[in-house]
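# Examination of the molecular architecture
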Amino acid sequence: MLAPHTTLGLGGPARRLVRARTADEVVARARAADGAGEPLLLVGGGSNLVVGDAGFAGTALVIDTQGHHVVHRDADSAVVHVEAGHDWDAFVADTVAEGLGGLECLSGIPGRTGATPVQNVGAYGVEVADVLVDVDLYARRTGRRGPVPAADLGLGYRTSRLKGDRNVDGEIVLGVRFRLTTDGLSAPIRYAELAKALDVEPGTRVPVAAAREAVLGLRRRKGMVIDPDDADSRSAGSFFMNPVVDAETAARVAARTEAAGQHPVTAWPQLDGRVKLSAAALIERAGVPRGHPGEHAPVRVSTKHTLALTHRGGGTTDDLLALARDVRDRVDAAFGLVLQPEPVLVSCAL
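A short tour of the structure in this document, coming up. Keep in mind the model is a prediction, meaning the values are calculated, not measured.

## So, the overall build of the protein chain
On a plain count of helices and strands, the protein chain comes out with eight helices and 18 strands. Over its C-alpha atoms the protein chain spans a radius of gyration of 20 Å, differing by no more than 12% from the 20 Å that the globule rule assigns to 350 residues. If one aligns the C-alpha atoms of the protein chain with their principal axes, the spans along those axes are about 60 × 50 × 40 Å. With 350 residues in all, the protein chain has 53% of them scored as buried. Element-wise, carbon and sulfur atoms account for 51% of the exposed surface of the protein chain, whose accessible area totals about 15,100 Å². Positive and negative side-chain charges in the protein chain, numbering 39 and 43 respectively, have mean positions lying 3 Å apart.

## Re unusual backbone geometry
In this model, His292 is joined to Pro293 through a cis peptide bond whose omega is 10 degrees. Note on placement: Pro293 falls in the loop between helix H7 (279–285) and strand S16 (299–301). With a phi angle near 50 degrees, Tyr124 is a residue other than glycine that sits in the positive phi range. Its location among the elements puts Tyr124 in the loop between strand S7 (122–123) and strand S8 (126–127). Unusually for a residue other than glycine, Arg158 sits at a positive phi of about 55 degrees. Locating Arg158 in the fold gives a position in the loop between strand S10 (145–149) and strand S11 (171–181). On the accessibility criterion, Arg158 (11% relative accessible area) is buried.

## Considering the packing of aromatic side chains
Aromatic ring pairs are described here by two measures, namely the spacing of the ring centres and the angle between the planes. Taken as a whole, this structure holds six aromatic pairs when the rule is applied. These aromatic residues form a ring-pair network of at least three members: Trp88, Phe91 and Phe178.

## Notes on helix H2 (residues 88–97)
Buried within H2 we find Trp88, Asp89, Phe91, Val92, Thr95 and Val96. The arc that holds every buried residue of H2, seen down its axis, measures 155 degrees, which confines them to one face. In this structure, the buried residues of H2 make contact with strand S5 (68–73), strand S6 (77–83), helix H3 (115–119), S11 and helix H5 (208–221). The backbone nitrogen of Asp89 lies 3.3 Å from a side-chain oxygen of the residue at the head of H2, namely Asp87. Of the residues trailing H2, Gly99 is marked for its positive phi of about 75 degrees.

## A closer look at the nonpolar core
Formed by 55 residues in total, the largest nonpolar core has its most connected members in Leu103, Phe178 and Leu194. Top element by residues in this core is S11. It accounts for six residues. When neighbours within four sequence positions are excluded, Leu103 is seen to be in contact with Trp88, Phe91, Val92, Thr95, Val131, Phe178 and Leu180. Phe239, Val253, Leu282 and Cys348 belong to the second-largest nonpolar core, a separate cluster that totals 33 residues.

Here is what the cut-offs are and how they apply
Residues numbered from 1 in each chain as written. Predicted model: local features only at pLDDT ≥ 70, side-chain atom pairs only at ≥ 80, totals over all residues. Heavy atoms only, no water. Helix = DSSP H or I, 4+ residues; strand = E, 2+ residues; numbered from the N terminus. Rg over C-alpha atoms; globule rule 2.2 N^0.38 Å. Buried < 20%, exposed > 50% of the residue type's maximum accessible area, 1.4 Å probe, protein only. Areas by Shrake-Rupley, 256 points an atom, 1.4 Å probe, with all protein chains shown as cover. Lys, Arg positive; Asp, Glu negative; His and termini not counted. Charge placed at Lys NZ, Arg CZ, Asp CG, Glu CD. Phe/Tyr/Trp six-rings, centres within 6.5 Å; stacked < 30°, edge-to-face > 60°. Arc of directions from axis to C-beta. Contact = heavy atoms within 4.5 Å. Polar contact = N/O pair within 3.5 Å; in protein donor to acceptor, adjacent residues only side chain to side chain. Core = buried A, V, L, I, M, F, W, Y, C linked by side-chain atoms within 4.5 Å.

See the structure below:
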């Protein structure tokens, strides 16, 4: 069963499950599956996977490569290489302990490091793209293996050329390199909620350990740190992406909430003139409460944060998808916006 390999605890069996503990093994396992004509599913921490109840009719490859080390250091920065299968938050914790800055705002995010450039993972005003140097890739279609600069990865809001249908060469992340600062200070604090928690003005740099502690505190209050004792943390993180819309659409949403006497939807202007809207706020303004559809449902909206859909046990992926459709359709009916899922959907669809 693939369920134990996902943070949701949902999903049917794979036809074959294999594990790779080195980059060479990852390549060999992938080549074997391709040579046999088997579909291939890459599995890391499972924090961004929604697997259908029927499972996966192919080979599921668990990437369990470990380790990280500094490959270059100068007066201001250090380049750190980390294996794709290394636990992401453990890596972030190690960089903070070493006084390296740049990743502290991405603390508490579950999963493996290799997934972070695929999704261009981001939180609290920082994205992987901000510090990514390059990525070691194996291209299944061409057989090419080697480093690819961050600038060539098509990094965007929660996407890259490595994600889903955009990954035309079947590229697999083997290792990742980040450039981090060495002065013990965080990236500038851009996110208002985090600045408030730290009691600093936006743009301030703070000790990396202080930033990590504040981020973990905020994430825990939202059920966004994996905790066996917190049912709200049994999720795939944010289920929907914040929609990025044109200014006219943002104005329409603002007018709709004002007419309804609701608090405005949080909006972040983008450099290209568009506006990113808070999916969580849209969900709430569309009438979806925390805990929806009720305390006895096996899957429900988190009681702490409307952007997370949680599995409380005894549910199915079909149950989860039905809830996701309900949330999506309510937002569409209220605002004319169709929210897009952030997790990877395997053998299932909205």
